[in-house]
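Below, each chain spelled out in residue letters.
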Amino acid sequence: MTDQEFKLGRASSIGEASIAVLQTADASAKAALAQDVSVAWSAGDLSLSFDGTQVPDRPARPAKPDLLLPRDMPRRRAGGEKGRFALLHSLAHIELNAIDLAFDMVARFGPEQPRDFVSDWVQVGAEEGKHFNLLNARLQALSGTYGDLPAHDGLWDAAFSTRNDFLARLAVVPMVLEARGLDVTPAMIEKLIRVGDQESAEILTIIYEDEKGHVAAGSRWFSSEISAQGLDAAVTFHDLVRRYFRGDLKRPFNDAARTAAGLDPALYEPLADRPKDP
């Protein structure tokens, strides 16, 4: 048995491998397995099969961090090393959730989609695993680790609420949540550079460039499904976001990065700063 086969356990299909990622509780092991699955899939070691796949409503999670409601999260000062540690910890938590979001996308919606869809989201999941590892290594360089601070438990809400709606999942997760990362990350990078934390800035730059591709994948498959169903893209997107997304779309938008990722301003601009329908 090869090292790769050992890491993947008994998984012989992409469906089994995706569930293995979702059911892995340890954060570092989840990130490593996400990357192993991508290598195995690219090498042709996993079949395009979802036979017997039972997708859990929630992925396995490590014992730490403590998960709180967003309103219960402690407020932390933005400056200093503690502030930077808190920022990087929150980003690591987002990336850990993003691993599961990608492999939930594969396991839940892959059976009805072409191979290229599976390949795109396996790659996304592997890159999210890489991001988590980079951030956690930086946390350890700052004399801590992921799990040292509490984190909020609202990130999986988007996955759970859209578990039965393919278009809604694409609209809310890559096209709203990940697109928001394109808006805010450049300012984080600039701030880290100003305080002399070049190492953290370089990690966020890697994440920023990869996330453009993740948003692009969401936009591409949303457009494909819209075309297949003969729907109006803007009308459908607005309806889905208002129905499934609890937050607000906030300006300023990084229009250049969003456009490069295939997001038409006609999709998101009308939703900004507008109250939701009752």
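Residues numbered from 1 in each chain as written. Predicted model: local features only at pLDDT ≥ 70, side-chain atom pairs only at ≥ 80, totals over all residues. Heavy atoms only, no water.

### Re the nonpolar core
Inclusion rule: By convention a nonpolar core is built from buried Ala, Val, Leu, Ile, Met, Phe, Trp, Tyr and Cys residues, the set being connected through side-chain atoms within 4.5 Å. Using a 1.4 Å probe on the protein chains alone, a residue whose accessible area is under 20% of its type maximum counts as buried, one over 50% counts as exposed, and one in between counts as partly exposed. Helix numbers and strand numbers start at the N terminus; a helix is a DSSP run of H or I with at least 4 residues, a strand a run of E with at least 2.
Membership of the largest hydrophobic core comes to 80 residues, with the highest contact counts inside it found for I14, V37, W121, F222 and F237. Sort the elements by how many residues they give to this core and helix α4 (residues 80–109) lands first, with 14 residues.

### So, the pattern of salt bridges
Formally: Think of a salt bridge as a Lys or Arg side-chain nitrogen and an Asp or Glu carboxyl oxygen that are within 4 Å of each other.
With the rule as written, the count across this model stands at 16 salt bridges. The partner of R108 in a salt bridge is D104, and the shortest N-O contact between them spans 3.0 Å. Here R108 and its partner D104 are both found in helix α4, 4 residues apart, which amounts to about one turn of the helix. For the residue pair R108 and D104, the accessibility class agrees, reading buried in each case. The salt bridge partner of D157 is R246, with a shortest N-O separation of 3.6 Å. Residue D157 is located in helix α6 (residues 157–161), and its partner R246 is located in the loop between α9 (233–244) and α10 (255–260); the two are separated by 89 residues in the primary sequence.

### So, the environment of D165
As a reminder of what qualifies: Residues adjacent in sequence count toward polar contacts only when both atoms are side-chain atoms; beyond that, a polar contact is any pair of N or O atoms within 3.5 Å, and within protein one must be able to donate a hydrogen and the other to accept it.
Relative to the helices and strands, D165 is located in the loop between α6 and α7 (166–194). Here the alpha-carbon distance between D165 and F109, two residues 56 residues apart in the chain, equals 9.1 Å. Polar contacts involving the side chain of D165 include one to the main-chain amide nitrogen of L167, which spans 3.3 Å.

### Let's talk about the packing of helix α5 (residues 115–141) against helix α8 (residues 198–229)
Here is the rule we go by: Lines fitted to C-alpha atoms define the axes here, with helix axes fitted over just the stretch in contact, and angles between the N-to-C directions of these axes take values from 0 to 180 degrees. Roughly parallel means an angle under 35 degrees; roughly antiparallel, over 145; roughly perpendicular, 65 to 115; everything else is oblique. Helix crossings fall into two classes, left-handed where the near helix is turned counterclockwise from the far one by less than a right angle and right-handed where it is turned clockwise. Three categories are distinguished: nonpolar for Ala, Val, Leu, Ile, Met, Phe, Trp, Tyr, Cys and Pro, charged for Asp, Glu, Lys and Arg, and polar for the others, with Gly belonging to the last.
Closest axis-to-axis distance for the α5/α8 pair is 10 Å, and the angle between their directions is 165 degrees. By the angle class used here, α5 and α8 are roughly antiparallel. Along this stretch, α5 crosses α8, giving a crossing that reads as left-handed. Residues of the contact of α5 with α8, tallied by class, amount to 11 nonpolar, 4 polar and 10 charged.

### A look at the packing of aromatic side chains
The line we're drawing: Paired rings are identified among Phe, Tyr and Trp, the last through its six-membered ring, by centres lying within 6.5 Å, and are further divided according to the angle between planes into stacked (under 30 degrees), edge-to-face (over 60) and tilted (the rest).
This structure, assessed with the given rule, holds 7 aromatic pairs. A centroid spacing of 5.3 Å and a plane angle of 45 degrees characterise the contact between F109 and F166, whose relative ring orientation is tilted. Here F109 is found in helix α4, whereas its partner F166 is found in helix α7, with 57 residues between them in sequence. For F109, a relative accessible area of 8% translates into the label buried. Residue F166 is classed as buried on the basis of its relative accessible area of 12%. When the centroid spacing of 4.7 Å and the interplanar angle of 65 degrees are considered together, the rings of F253 and Y268 count as edge-to-face. Of this pair, F253 sits in the loop between α9 and α10 while Y268 sits in helix α11 (residues 265–268), and the two are 15 residues apart along the sequence. Its relative accessible area of 12% is what places F253 among the buried residues.

### As for the side chain of D197
Keep this limit in mind: In this description, contact between two residues means that some pair of their heavy atoms is separated by no more than 4.5 Å.
Summarising the element assignment, D197 is placed in the loop between α7 and α8. Residue class for D197 comes out buried when judged on its relative accessible area of 1%. Here R84 takes part through its side chain, which lies 2.6 Å from a polar atom of the side chain of D197. Among the polar contacts made by the side chain of D197, one reaches the side chain of R138 at a distance of 2.9 Å. Ignoring any residue separated from it by four or fewer positions in sequence, one finds D197 in contact with R84, R138 and L192.

### What about α7?
Because each turn of an α-helix spans 3.6 residues, side chains separated by three or four positions end up pointing in the same direction. The condition that has to hold: Helix span is expected to be 1.5 Å times the residue number reduced by one. Take the seven residues that end at a residue and the seven that start at it, fit an axis to each, and the angle between those axes is the bend at that residue.
Compared with the 42 Å implied by 1.5 Å per residue over 29 residues, the 41 Å span of α7 between its first and last C-alpha is a close match. Most pronounced at V184, the bend in α7 amounts to some 40 degrees, and the proline P186 follows within four residues. With a side-chain oxygen lying 3.3 Å from the backbone nitrogen of L167, the N-terminal cap of α7 falls on D165. Note on α7: the residue one or two positions beyond its end, G196, has a positive phi of about 85 degrees.

### Quick notes on the packing of helix α3 (residues 27–42) against α5
Packing of α3 against α5 brings their axes to within 8 Å, and their N-to-C directions diverge by 145 degrees. Viewed along their axes, α3 and α5 form a crossing whose handedness is left-handed. Of the residues in α5, those touching α3 at A27, S28, A31, A34, Q35, V37, S38 and W41 are R115, V118, S119, V122, Q123, G125, A126, G129, K130, F132, N133 and N136. Taken together, the residues of the contact of α3 with α5 break down into 9 nonpolar, 9 polar and 2 charged.

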